[in-house]
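If you want the building blocks of each chain, they are given just below.
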Amino acid sequence: GENVEQHPSTLSVQEGDSAVIKCTYSDSASNYFPWYKQELGKGPQLIIDIRSNVGEKKDQRIAVTLNKTAKHFSLHITETQPEDSAVYFCAASIPTRKSTFGDGTTLTVKP
Amino acid sequence: EAGVAQSPRYKIIEKRQSVAFWCNPISGHATLYWYQQILGQGPKLLIQFQNNGVVDDSQLPKDRFSAERLKGVDSTLKIQPAKLEDSAVYLCASSSLPGQGKQAQHFGDGTRLSIL
């Protein structure tokens, strides 16, 4: 089955710096790659997603890049703010089948 | 639009007891998922429904876990009997049909289960 590895497991940055989280996947049939933000006591919330026919997508301070050949995708957050502190999960999805999640990255943004 | 509703938010039971969780997905979402999230890990899919049929239950411990989705809307997940290792947050999510190009899953806030 699909295997998703996420790095780093923890990331601490100063407010205003950029943060990058990387994921790799194993199944070349995966074609949908969402990123979720999970705050304490809440369910994961979709923040951005990308499909396999697109190499990069941006939404304000958040961007995601996808390298299908290397089977890896990354989340980039610029101008980080304390409210960006949370656990971030990547996932890889195969059409009509289940999504496989990474084990998460705990991002801490220090004021 | 209203989000995914789950209840209860918290549940504490002793091992070998039974417990049930309820989920009401976003209106019109055909696909419903139950995930188990153990502390420090990503969500792990237990079962996926499309309308009221099961699409994937390969990781559901069927000797103790069961789930149903009557009439293709609400769903319940049951554990009987519970074991200590079942302590986790149980998340429900819903999405439109993948063929409609809207695979994004919308999650509820989960039920935190503690087994004593």
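Residues numbered from 1 in each chain as written. Chains lettered and ligands numbered in written order. Predicted model: local features only at pLDDT ≥ 70, side-chain atom pairs only at ≥ 80, totals over all residues. Heavy atoms only, no water.

## Structural notes on the pairing of strand β1 (residues 4-7) of chain A
Residues and elements named next belong to chain A. For clarity, the cut-off: Accessible area is worked out with a 1.4 Å probe on protein chains only. A residue is then buried under 20% of its type maximum, exposed over 50%, and partly exposed in between. The secondary structure listing takes helices from DSSP runs of H or I that are at least 4 residues long and strands from runs of E that are at least 2 residues long, numbered from the N terminus. At least two bridges found by DSSP between two strands is the condition for calling them paired.
Burial along β1 is one-sided: Val4 and Gln6 are buried, while Glu5 and His7, pointing the other way, are not. Bridge count for β1 against strand β3 (residues 19-25) is four bridges, and the pairing is antiparallel. Paired with Val4 across the strands is Tyr25, a residue of β3.

## Let's talk about the sheet that holds strand β8 (residues 75-79) of chain B
Note: strands within a sheet are paired through backbone hydrogen bonds, in either parallel or antiparallel orientation. All names here are of chain B. What counts, and what does not: Axis definition: a line fit to C-alpha positions, over the contact stretch in the case of helices; interaxial angles, taken between N-to-C directions, run 0 to 180 degrees.
Taken in spatial order, the four strands line up as β1-β3-β8-β7 in an open sheet, and their pairing is antiparallel. Two strands bound the open sheet, and with one partner strand each, they are β1 (5-7) and β7 (65-68). Each strand of the sheet is rotated relative to its neighbour by a mean of 15°, with strand direction disregarded.

## Digging into the layout of surface pockets
Stated formally: Site definitions follow a grid-based scheme: protein atoms alone, a 1 Å grid, a 1.4 Å probe that fits but cannot get out for cavities, and for pockets an open set with protein on both sides within 12 Å along at least five of seven lines, plus lining residues having an atom within 4 Å of a point. Grid points are joined across faces, edges and corners, and a volume is the space filled by probe spheres set on the points. Each residue is assigned to one of three groups, with Ala, Val, Leu, Ile, Met, Phe, Trp, Tyr, Cys and Pro labelled nonpolar, Asp, Glu, Lys and Arg labelled charged, and all others, Gly among them, labelled polar.
Counted as a void, the largest pocket has a volume near 470 Å³. Only β9 (86-93) and β11 (105-110) of chain A together with β11 (111-115) of chain B provide two or more residues apiece to the lining of the largest pocket. Of the residues forming the lining of the largest pocket, the biggest block, three residues, is contributed by β9(A). Classifying every residue of the lining of the largest pocket gives eight nonpolar, 11 polar and six charged. Counted as a void, the second largest pocket has a volume near 400 Å³. Taken together, 22 residues form the lining of the second largest pocket, with A:Glu2, A:Lys98, A:Thr100, A:Phe101 and B:Gln59 sitting closest to its centre. Elements represented by at least two residues in the lining of the second largest pocket include exactly β10 (99-101) of chain A together with β5 (44-50) of chain B. With three residues, the top contributor of residues to the lining of the second largest pocket is β10(A). In terms of residue class, the lining of the second largest pocket is made up of six nonpolar, nine polar and seven charged.

## So, the sheet that holds β3(A)
All names here are of chain A. Within the open sheet, the five strands sit side by side as β1-β3-β8-β7-β6. Their pairing is antiparallel. Of all the strands in the sheet, just β1 and β6 (56-59) have a single pairing partner and so form its edges. For this sheet, the mean inter-axis angle between neighbouring strands, taken without regard to orientation, is 15°.

## Some thoughts on the side chain of B:Gln36
Residues and elements named next belong to chain B. The cut-off we apply is this: Residues adjacent in sequence count toward polar contacts only when both atoms are side-chain atoms; beyond that, a polar contact is any pair of N or O atoms within 3.5 Å, and within protein one must be able to donate a hydrogen and the other to accept it. Note on contacts: a residue pair is in contact if any heavy atoms of the two residues lie within 4.5 Å.
Residue position: Gln36 is located in strand β4 (residues 31-37). Overall, the relative accessible area of 8% leaves Gln36 in the buried class. Here Tyr90 takes part through its side chain, which lies 3.0 Å from a polar atom of the side chain of Gln36. Residues contacting Gln36, with those up to four places away along its chain left out, are Gly42, Pro43, Lys44, Leu46, Glu85, Asp86, Ala88, Val89 and Tyr90.

## Remarks on the nonpolar core
Spelled out, the test is: Take the buried Ala, Val, Leu, Ile, Met, Phe, Trp, Tyr and Cys residues and link them wherever side-chain atoms come within 4.5 Å; each set so joined is a nonpolar core.
Counting residues in hydrophobic clusters, the biggest one holds 23 residues, and the most contacted among them are A:Trp35, A:Phe73, A:Leu75 and A:Leu107. For this core, the elements supplying multiple residues, two or more each, are β2 (10-14), β3, β4 (32-38), β5 (45-51), β7 (62-67), β8 (72-77), β9 and β11 of chain A. Dropping the residues within four chain positions of it, A:Leu75 is found in contact with A:Ala19, A:Val20, A:Ile21, A:Trp35, A:Ile47, A:Ile48, A:Ile62, A:Ala63 and A:Tyr88. If you look at the next biggest cluster of nonpolar residues, it comprises 21 residues, including B:Trp34, B:Leu77, B:Ala82 and B:Cys92.

## Some words on the packing of aromatic side chains
Centre distance and the angle of the planes are the two values used to describe a pair of aromatic rings. Applied cut-off: Under the pairing criterion, centres of Phe, Tyr and Trp rings, with the six-membered ring standing for Trp, must be within 6.5 Å; the plane angle then separates stacked pairs below 30 degrees from edge-to-face pairs above 60, leaving the rest tilted. Remark: a charge is flagged as sitting over a ring if the NZ atom of Lys or the CZ atom of Arg is within 6 Å of the ring centre and within 35 degrees of the ring normal.
One pass over the full model with this rule turns up 12 aromatic pairs over all chains. Connected via pairs of aromatic rings, a cluster forms that spans A:Tyr36, A:Phe101, B:Tyr33, B:Tyr35 and B:Phe107. The ring centre of B:Tyr10 lies 5.6 Å from the NZ or CZ of B:Arg9, which sits over that ring.

## Considerations on the confidence of the model for chain A
Keep this limit in mind: Residue-level confidence of the predictor, termed pLDDT, takes values from 0 up to 100.
Summary statistics for chain A give a mean pLDDT of 94 and a share of 99% for residues scoring 70 or more. Looking over chain A, one finds the lowest element-wise mean pLDDT in β10(A), namely 91, and the highest in β3(A), namely 98.

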